[in-house]
Amino acid sequence: MEERKQRQTPHVFVILAVLLLLASALTWLVPAGSYKREFHEAAGQTVVVPGSFAYTEPSPVAPWQLPRLLFEALTTGSAPQLIFFVLLLGGAFEIILESGAVTALCAWVIRRFQRRRAWLVPAFLAVFSVFGFTMGLTTASIIFLPLGMAAAKSLGYDEKTGMAMVMLGTNAGFAAGIYNPFSVGVAQTIAELPPYSGAWLRWLLLAALVPATAAYILRRAGEPACSGKGELFAEQTFSPRQGLILALLLGALALVVWGVGAQGWKVPEIAAVFLALGVVCGAAAGFSANRICALEVAGCRKMVSGALTIGLAAALRLVLVRGGILDSVVYGLLQLVERLPAWGQLLGMFYTNALLDLLITSGSGHAAVAMPLMVPLADALGLSRQAAVLAFQLGDGLVNLVSPISNTLVSCLALSGVSYQKWLRYFLPLVGIYLIIGTGFMLLAGAVGY
């Protein structure tokens, strides 16, 4: 019965292939159009020029062009860097896991939380939200995911709970965006607002998102499985080698946080840190050079499916861009907002940005497209620019982990082994809760003249 159920569940590649064919069909049906773009020096972004939308010559993407576009997406742009980052990260953690250091860490976690399991989830969420609301570091989800899953598993929770503890913590912080330079920072610069102004409402938003997310995760997790692991791990202690490996891992994470925050590191620098970390941890564990190489390859092999998923997701966006319909979709959605009644215009901005986030998952990229259009729209409708930034920020953050073209999501799915369908079944009810919270905050912003 279970085998038949698995056969009926479409593979993530099948889902993305269907979406590619749908996107190809839309390039034949939706009129092509584009905005002019110019470099916005203060924001450091190439942004669209308001009022510059014009329909262009159609450039539909035929279905037989999709294999070539897939190869192009796998080999050009940002996708190849992310693919190799995931592969190298998989190799590094394979070595760390093989050393037993994570098992020893789990033993420590169990001893501390055995009688207070429910505290583990909000603690993880609160800690990882800091990465989201200070630096917009959604990459932290990918980096810390193996540790979160191991900690959850050791306490008797399933892999989706461990995945959620890390991903949803980072995402809650990103959605609150209190000092997030990649969403709020860019959006407020384009809107010509003081940097990080209006933070009081975003702090309230974080205070609502973290408890709501923790309550949801705990409810879905249910009672932890009693597997006897507490007794199994009770006698385990850190060996000097394992302690050194965990210290190296902590140092590498601190280095990445410093590099991203102070030096503007991108994926290549972060990947280099984890490549070196894998080799150094292998040496610290006493592994031979041959064994280190074999473990690196084994870790990479586990990530191949996820790497191809990243390529398929990148190809989906490439089809929309090559077909000339991405800007047309943006234009059409904003036209709908203008036609809404006065009481619904602010909410319309929020929901419109939530829909756009399914197509433009980069915070800064989304801001560069949406904010130059939303600012004059807000002015014309008599809405505050600060509220327009909030509408963008909430729309950009709350549904970020639904889109099949989200780099963070597909990378985490690759590392966790959780299918896209399982993740949607798990996450979509929470999205509904998030949208209710977002609606409440948009109404609050309108009521207090935010």
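For the structure, check the block above.
Presented here is a report on the structure given in the accompanying data block. (Residues numbered from 1 in each chain as written. Predicted model: local features only at pLDDT ≥ 70, side-chain atom pairs only at ≥ 80, totals over all residues. Heavy atoms only, no water.)

**Observations regarding the packing of helix α8 (residues 159-176) against helix α20 (residues 420-448)**
The relative placement of two packed helices comes down to the angle between their axes together with the axis-to-axis distance.
So, step 1. As a packed pair, α8 and α20 sit with axes 12 Å apart at the nearest point and diverge in direction by 50°. When the axes of α8 and α20 are compared, the pair comes out oblique. The handedness of the crossing between α8 and α20 is right-handed. In this structure, α8 uses K160, T161, M163, A164, M167 and L168 to contact α20, whose residues at the interface are K422, W423, Y426, F427 and L430.
So, step 2. Residue classes in the contact of α8 with α20 are distributed as 8 nonpolar, 1 polar and 2 charged. (Axes fitted to C-alpha atoms, helices over the stretch in contact; angles between N-to-C directions. Helix = DSSP H or I, 4+ residues; strand = E, 2+ residues; numbered from the N terminus. Parallel < 35°, antiparallel > 145°, perpendicular 65-115°, else oblique. Left-handed = near helix turned anticlockwise from the far one by under 90°. Contact = heavy atoms within 4.5 Å. Nonpolar A, V, L, I, M, F, W, Y, C, P; charged D, E, K, R; others polar.)

**Topic: the side chain of D396**
So, step 1. In this structure, D396 sits in helix α18 (residues 385-398).
So, step 2. Buried within the structure, D396 lacks any salt-bridge partner; R317 is the closest side chain of opposite charge, at an N-O distance of 11 Å.
So, step 3. A polar side-chain atom of D396 sits 3.2 Å from a polar atom in the side chain of H366.
So, step 4. The residues touching D396, leaving out its near neighbours within four places in the chain, are F174, S183, N353, D357, I360, T361, S362, G363 and H366. (Buried < 20%, exposed > 50% of the residue type's maximum accessible area, 1.4 Å probe, protein only. Lys, Arg positive; Asp, Glu negative; His and termini not counted. Salt bridge = Lys/Arg side-chain N within 4 Å of Asp/Glu carboxyl O. Polar contact = N/O pair within 3.5 Å; in protein donor to acceptor, adjacent residues only side chain to side chain.)

**Quick word on the packing of aromatic side chains**
Two aromatic rings are characterised by how far apart their centres lie and by the angle between their planes.
So, step 1. Inspection of the entire model under this criterion finds 15 aromatic pairs.
So, step 2. When the ring of F350 is compared with that of Y351, the centres are 5.0 Å apart and the planes differ by 35°; the resulting orientation is tilted.
So, step 3. Among the aromatic residues, those joined into a ring-pair cluster are Y216, W423, Y426, F427 and Y434.
So, step 4. Its end group placed over the ring of F287, R291 keeps NZ or CZ at 4.1 Å from the ring centre. (Phe/Tyr/Trp six-rings, centres within 6.5 Å; stacked < 30°, edge-to-face > 60°. Lys NZ or Arg CZ within 6 Å of the ring centre and 35° of its normal.)

**Focus on unusual backbone geometry**
Trans peptide bonds make up most of the peptide bonds, and negative phi angles are found at most residues other than glycine.
So, step 1. Positive phi outside glycine occurs at E192, with the angle close to 60°.
So, step 2. With respect to the secondary-structure elements, E192 resides in the loop between α9 (181-190) and α10 (199-221).
So, step 3. For E192, a relative accessible area of 65% translates into the label exposed.

**So, α18**
So, step 1. For α18, which comprises 14 residues, the first-to-last C-alpha distance of 20 Å matches the rise-based estimate of 20 Å (1.5 Å per residue) to within 8%.
So, step 2. Within α18, 13 of the 14 residues are buried, which leaves the element mostly enclosed by the surrounding structure. (Expected span 1.5 Å × (residues − 1).)

**Section: the side chain of Q345**
So, step 1. Take Q345: it is sitting in helix α16 (residues 345-356).
So, step 2. Taking relative accessible area as the criterion, Q345 reaches 8% and is therefore assigned buried.
So, step 3. Looking at Q345, its side chain comes within polar contact range of the main-chain oxygen of L340, at 3.2 Å.
So, step 4. When near neighbours in sequence (up to four residues on either side) are disregarded, Q345 contacts V337, E338, L340, L381 and L383.

**Section: the pattern of salt bridges**
So, step 1. Per the counting criterion, the structure on display carries 7 salt bridges.
So, step 2. Between R37 and D327 there is a salt bridge, with the nearest N and O atoms lying 2.8 Å from each other. Note that R37 is positioned in strand β2 (residues 37-40) and D327 in helix α15 (residues 326-338), a separation of 290 residues in sequence.
So, step 3. For R37, a relative accessible area of 40% translates into the label partly exposed.
So, step 4. According to the relative accessible area criterion, D327 is buried, its value standing at 7%.
So, step 5. With a shortest N-O distance of 3.3 Å, R68 and E72 are connected by a salt bridge. In this pair, R68 and E72 both sit in helix α3 (residues 66-75), 4 residues apart, roughly one turn of the helix.
So, step 6. Overall, R68 belongs to the partly exposed group, its relative accessible area being 48%.
So, step 7. A relative accessible area of 18% places E72 in the buried class.
So, step 8. Through salt bridges with shared partners, one network takes in R68, E72 and R322.

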